[in-house]
Amino acid sequence: MAAQVYVKARPKLENAGRHLSESARDAAAEHDPLKDPLGFARSLKKRAFPPEN
């Protein structure tokens, strides 16, 4: 049972991981996480979790 759930969820989990990695990379290009951690966090939040309309 658990194996079936994993097989079904795996593509979504991998896609979410790629999306989060890309969002973090883009946010880091915009705000240096070491010099501006708050700006980085805001940018990452905006990119990873865009507001729903």
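Basis of the calculations
- Residues numbered from 1 in each chain as written.
- Predicted model: local features only at pLDDT ≥ 70, side-chain atom pairs only at ≥ 80, totals over all residues.
- Heavy atoms only, no water.
- Helix = DSSP H or I, 4+ residues; strand = E, 2+ residues; numbered from the N terminus.
- Buried < 20%, exposed > 50% of the residue type's maximum accessible area, 1.4 Å probe, protein only.
- Contact = heavy atoms within 4.5 Å.
- Salt bridge = Lys/Arg side-chain N within 4 Å of Asp/Glu carboxyl O.
- Expected span 1.5 Å × (residues − 1).

### Observations concerning the side chain of Ser23
With respect to the helices and strands, Ser23 occurs in helix α1 (residues 2–30). Note on Ser23: relative accessible area 4%, which makes it buried. Among residues more than four places away in sequence, those in contact with Ser23 are Leu44, Arg47 and Ala48.

### Considering the environment of Leu44
Within the secondary structure, Leu44 is located in helix α2 (residues 37–48). The exposure class assigned to Leu44 is partly exposed, which follows from its relative accessible area of 21%. Taking the C-alpha atoms as reference, Leu44 lies 5.2 Å from Ala27; in sequence the two are 17 residues apart. With residues near it in sequence (within four places) discarded, Leu44 still touches Leu20, Ser23, Ala24, Ala27 and Phe49.

### Some remarks on the pattern of salt bridges
Enumeration according to the criterion identifies 2 salt bridges in this entry. With a shortest N-O distance of 2.8 Å, Glu14 and Arg10 are connected by a salt bridge. Of this pair, Glu14 and Arg10 both sit in helix α1, 4 residues apart, which is roughly one turn of the helix. Accessibility expressed as a relative area gives 37% for Glu14, which makes it partly exposed. In this structure Arg10 comes out as partly exposed when scored by relative accessible area, which is 42%. Between Arg47 and Glu30 there is a salt bridge whose closest N-O contact spans 2.5 Å. Placement of Arg47 in helix α2 and of Glu30 in helix α1 is noted, with a sequence separation of 17 residues between them.

### Observations regarding α2
Taking 1.5 Å of rise per residue, 12 residues should cover 16 Å, and α2 covers 16 Å from first to last C-alpha, within 8% of that figure. Check the buried side of α2 and you find it contacts α1.

### Thoughts on the side chain of Ser43
Position of Ser43 among the secondary structure elements: in helix α2. For Ser43, the residues in contact, after removing those within four places along its chain, are Ala27, Glu30 and His31.

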